[in-house]
Amino acid sequence: MSAKIVMVASGKGGTGKSTVSVLAGGRLAAAGQKVLLIELDSGLRSVDIISGVYGKTVYDIEDVLCGRCSGEKAVVESPLYPGLSVISAPYEGGEVQTQALQALCAKMREYFDFLLIDTAAGMGAPFRAAAACAQQALLVLGADPVSLRDGRIVSDALYDGGLHDIRLVLNKVAPASFQNGLVRDVDECIDTVCAQLIAVIPESREVQFAAAKGEALPAGCLAFTALDNLARRLLGKRVLLAVH
């Protein structure tokens, strides 16, 4: 195997980046892919709860990157999404060194089809390290002026750094998102960020509950369909963006 490396970034916090990382990874796994999700958001760890591995982790990404353990020892498979494994961020502290992350990704690529790197919000050391490893970036943003403006800054930084395969994921989109006069429509979101749209994920109580409780996302909800479409598009399938 030689995994495709995809970083998942945002700009500002609160866009649902980690939730999208887990759920999209789960749908890739359901499509037969072996997926490893690496969480870099030290001190604000959430992937362990969302993926259902809370209480099952012994080592974290800090242990791996500083050499306290091998990458294999930190990998925990999700009980909610078979085929999805995670390496969690530490509860506090931790420093992400670019060369150490590159070495980990180079090793793990042999065993997985996808490596998803869940970066911290903003453009600090985790973001820069992930960008140095990634072949593609997903920008998870809300359909509001602040999120989109920050997303444009992130997009420009990635382009300037040489990563040109950037895709926009509009998350938590509700009918009111385009009725308040702040953002006109999806096209305005695309034009503001200057990235190709790959998914529109609706605001979803089911997603909120599943993420908070560490339970699997119900298959019957619209967000599930949107996330499945996202995974299929990452696999090169031609599927509709919209869900109804």
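Description of the structure in this document. Counting from 1, residues in each chain are numbered in the order their sequence is written. The predicted origin of the model limits local features to residues at a pLDDT of at least 70 and limits the giving and counting of side-chain atom pairs to 80 or more, whereas totals for whole chains, interfaces and linings rest on all residues. Side-chain numbers come from the whole structure's heavy atoms, not from hydrogens or water.

Both faces of strand 4 (residues 84–87) are covered, namely the face carrying Leu 84 and Val 86 and the face carrying Ser 85 and Ile 87. Here, strands pair whenever DSSP counts at least two bridges between them. A run of H or I in DSSP counts as a helix once it spans at least four residues, and a run of E counts as a strand once it spans at least two, with each numbered from the N terminus. As judged from the four bridges shared by strand 2 (residues 35–39) and strand 4, these two strands associate in the parallel manner. Note that in strand 4 the partner of Leu 37 across the bridge is Val 86. Hairpin connection, strand 3 (residues 76–77) to strand 4: the antiparallel pair is bridged by six residues, and Gly 83 has positive phi, about 100 degrees. Exposure classes here rest on a 1.4 Å probe applied to the protein chains alone. A residue is buried below 20% of its type maximum, exposed above 50%, and partly exposed in between.

Counting 45 residues, the largest nonpolar core has Met 7, Leu 101, Leu 104, Ile 117 and Leu 158 as the members making the most contacts within it. By definition, residues are in contact when any of their heavy atoms lie within 4.5 Å. Discounting residues that sit within four places of it in the chain, Ile 117 has contacts with Ile 5, Val 6, Met 7, Val 8, Ile 38, Leu 40, Leu 101, Cys 105, Ala 130 and Cys 133. Think of a nonpolar core as a cluster: buried Ala, Val, Leu, Ile, Met, Phe, Trp, Tyr and Cys residues, connected wherever their side-chain atoms sit within 4.5 Å. In terms of nonpolar packing, the next biggest core, distinct from the first, is built from 37 residues, Leu 37, Val 47, Val 86 and Ile 198 among them.

What follows concerns the layout of surface pockets. Put plainly, a pocket is an open set of points on a 1 Å grid over the protein atoms alone with protein on both sides within 12 Å along at least five of seven lines, a cavity is a set where a 1.4 Å probe fits but cannot get out, and a lining residue has an atom within 4 Å of a point. Grid points are joined across faces, edges and corners, and a volume is the space filled by probe spheres set on the points. Space inside the largest pocket adds up to approximately 230 Å³. Lining the largest pocket are 14 residues, with Gly 14, Gly 16, Lys 17, Ser 18 and Ser 46 positioned closest to its centre. With three residues, helix 1 (residues 17–30) is the largest single contributor of residues to the lining of the largest pocket. Here the nonpolar group is Ala, Val, Leu, Ile, Met, Phe, Trp, Tyr, Cys and Pro; Asp, Glu, Lys and Arg are the charged ones; every other residue, Gly included, is treated as polar. Its residues placed into classes, the lining of the largest pocket shows three nonpolar, eight polar and three charged.

Only the six-membered ring of Trp is used, alongside the rings of Phe and Tyr, when aromatic pairs are assigned; centres must lie within 6.5 Å, and planes under 30 degrees apart are stacked while those over 60 apart are edge-to-face, with the rest tilted. For the coordinates displayed, the defined rule picks out zero aromatic pairs. The side chain of Lys 213 reaches across the aromatic face of Phe 209, ending 5.3 Å from its centre. In this scheme, the term charge over a ring applies when either NZ of a lysine or CZ of an arginine sits within 6 Å of the ring centre and within 35 degrees of the ring normal.

Before going further, it helps to spend a moment on helix 9 (residues 205–213). Listing the buried residues of helix 9 in full gives Val 207, Ala 210 and Ala 211. End-on, the buried residues of helix 9 take up no more than an arc of 95 degrees, which puts them together on one face. Facing away from the buried surface of helix 9 by more than 90 degrees, the exposed residues are Arg 205, Ala 212 and Lys 213. The secondary structure elements touched by the buried residues of helix 9 are helix 1, helix 2 (47–50) and helix 10 (222–234). The reported arc concerns the directions from the helix axis to the C-beta atoms and nothing else.

Read these as geometric descriptors, not functional statements.
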